[in-house]
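As a plain string of letters, each chain reads:
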Amino acid sequence: MCLVQTHPTANVRLREAPQLAPSTRRGFRSIVAGGLTGGINICIVFPTEFIKTQLQLDSGRNIMTAHHSVMFPYRATVLESKNVKLFNGSVDVVKKTINAKGLKGMYKGVSVLLCGSVPTYSIRFGVFDLLKGHFSGRDGNLSPLARLGCGMGTGVAEAVLLVTWVETLKVRLISDQKKKVPLYRGPVHAASSIIRNEGPFGLYKGFAPTVLKQGSSQAIRFSVMESLRSWYTGGDSNKSVPKPFVAMFGAIAGGTSVLGNTPVDVVKTRMQNGSYSSSMECARQIARKEGVRGFYKGCLPRMNRVCLEVGLAFCIYDTVMDVFKTVWPSN
């Protein structure tokens, strides 16, 4: 007789370990990847920035024209004042600049912008990753309000640390090119001359509109970009977005930011040219002399530049970070 002892089978449920989202705190890699992104980007898109700045600074000059009557042909009877623009559009800027200065004229001021854009992009992506790591949820995603806040914080940080004085030097150098006898021999000489004549705060002219512009720009760009990424991946932070879609999403984010803050950019550029004592005075003068359209001068070339720049930036940055995953893996 064989006795077999049986035990009821216990239903054991194994609890699945929660899948953790990849860390968004990528530290020093984000800073290095951002710097590489900025250097490559600015070499491609600077000519469009040059065109935009020339059009924004072209407020025209008044020319007096004498009109003669039939009875007194040798005596001027009426003097008419007419405002004449130097450029008729983006293509005219390119033609006149190349004819007068050659192709190198389209890159006037690129050295200071290149030196500034590399650390600016390092700060931009480094600060955003830091803020995203702090405010994102357990799934690695940001709420809509957090996207705006992280983008705003990123823009303010880069404006305070770098963008204001770099943009001031760029605008002064481009404006100086119009003069028959240029005052500045280069970015270092321009910086020293401004500090000597206007003090250190001369480099921070237009500080308020620059902070407002950078803060609003990055808030819009990162918010739109993160929203489009989340929409494409369905909120799955482990899923990657193909590079063509990254470029397209970046271009959409850049174009949206241009429509939102071109008036601030126009005021900032005029302030940094040193023609006005305050941002409010600058805005009033533009509104009085040029109307609403004056606040959108250079909008089209800026739109072209920003869409290209932001689309390329996010695409280049994602590509560099993909390479870093292999050659420089994080813990």
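Residues numbered from 1 in each chain as written. Predicted model: local features only at pLDDT ≥ 70, side-chain atom pairs only at ≥ 80, totals over all residues. Heavy atoms only, no water.

A few words on the packing of helix α1 (residues 28-57) against helix α4 (residues 144-176). As a packed pair, α1 and α4 sit with axes 10 Å apart at the nearest point and diverge in direction by 70°. Taken together, the axes of α1 and α4 are roughly perpendicular relative to one another. Here Glu 49, Phe 50, Lys 52, Thr 53, Gln 54 and Leu 57 of α1 come into contact with α4, specifically with Glu 167, Lys 170, Val 171, Ile 174 and Ser 175. Its residues placed into classes, the contact of α1 with α4 shows 4 nonpolar, 3 polar and 4 charged. (Axes fitted to C-alpha atoms, helices over the stretch in contact; angles between N-to-C directions. Helix = DSSP H or I, 4+ residues; strand = E, 2+ residues; numbered from the N terminus. Parallel < 35°, antiparallel > 145°, perpendicular 65-115°, else oblique. Contact = heavy atoms within 4.5 Å. Nonpolar A, V, L, I, M, F, W, Y, C, P; charged D, E, K, R; others polar.)

Here we take up the side chain of Arg 302. As for its placement among the helices and strands, Arg 302 is situated in helix α9 (residues 299-327). For Arg 302, a relative accessible area of 1% gives the class buried. At a separation of 3.5 Å, a polar atom in the side chain of Arg 302 contacts the side chain of Asp 265. Discounting residues that sit within four places of it in the chain, Arg 302 has contacts with Lys 52, Lys 213, Ser 217, Val 258, Asn 261, Thr 262 and Asp 265. (Buried < 20%, exposed > 50% of the residue type's maximum accessible area, 1.4 Å probe, protein only. Polar contact = N/O pair within 3.5 Å; in protein donor to acceptor, adjacent residues only side chain to side chain.)

Attention shifts here to the nonpolar core. Core analysis: the biggest nonpolar cluster contains 26 residues, and Ala 33, Phe 125, Met 225 and Phe 314 have the highest contact counts within it. Those elements giving two or more residues to this core turn out to be α3 (110-135), α4, α6 (207-233), α7 (243-272) and α9. At 11 residues, the largest contribution of residues to this core is made by α9. If sequence neighbours within four positions are ignored, Phe 314 has contacts with Phe 125, Phe 222, Met 225, Arg 229, Val 246 and Gly 250. In this structure, Phe 46, Leu 55, Val 110 and Ile 174 belong to the second largest nonpolar core, which totals 13 residues. (Core = buried A, V, L, I, M, F, W, Y, C linked by side-chain atoms within 4.5 Å.)

Among the surface-exposed residues, Phe 28, Ile 31, Val 323, Val 327 and Trp 328 lie close enough to one another that they form a single nonpolar patch of about 470 Å² accessible area. Contributions of two or more residues to the nonpolar patch are made by α1 and α9. Using a relative accessible area of 60% as the deciding quantity, one classes Val 327 as exposed. (Patch = residues over 30% accessible without salt bridge, like charges linked within 9 Å, V, L, I, M, F, W, Y side chains within 5 Å. Areas by Shrake-Rupley, 256 points an atom, 1.4 Å probe, with all protein chains shown as cover. Salt bridge = Lys/Arg side-chain N within 4 Å of Asp/Glu carboxyl O.)

As for its placement among the helices and strands, Ser 175 is situated in helix α4. Apart from the residues within four sequence positions on either side, Ser 175 is in contact with Leu 57 and Asn 273.

Let's shift gears to the environment of Gly 298. Its place among the elements puts Gly 298 in the loop between α8 (279-290) and α9. Separated by 241 residues in the primary sequence, Gly 298 and Leu 57 place their C-alpha atoms 9.3 Å from one another. Apart from the residues within four sequence positions on either side, Gly 298 is in contact with Lys 52, Leu 55 and Gln 56.

It is worth spelling out helix α5 (residues 187-198) at this point. Taking 1.5 Å of rise per residue, 12 residues should cover 16 Å, and α5 covers 16 Å from first to last C-alpha, within 8% of that figure. For α5, every residue scored as buried is listed here: His 189, Ala 190, Ala 191, Ser 193 and Ile 194. Phi turns positive, to about 85°, at Gly 199, one or two residues after α5. (Expected span 1.5 Å × (residues − 1).)

So, on to the confidence of the model for the chain. The predicted model of the chain has a mean per-residue pLDDT of 83, with 85% of residues at 70 or higher. Considering each helix and strand of the chain separately, the mean pLDDT is smallest for strand β2 (residues 76-84), with a value of 64, and largest for α6, with 93. Low confidence marks residues 16-25, where pLDDT is under 50. Its contacts with residues over four positions away, or in another chain, come to 15 contacts. (pLDDT = per-residue confidence, 0-100.)

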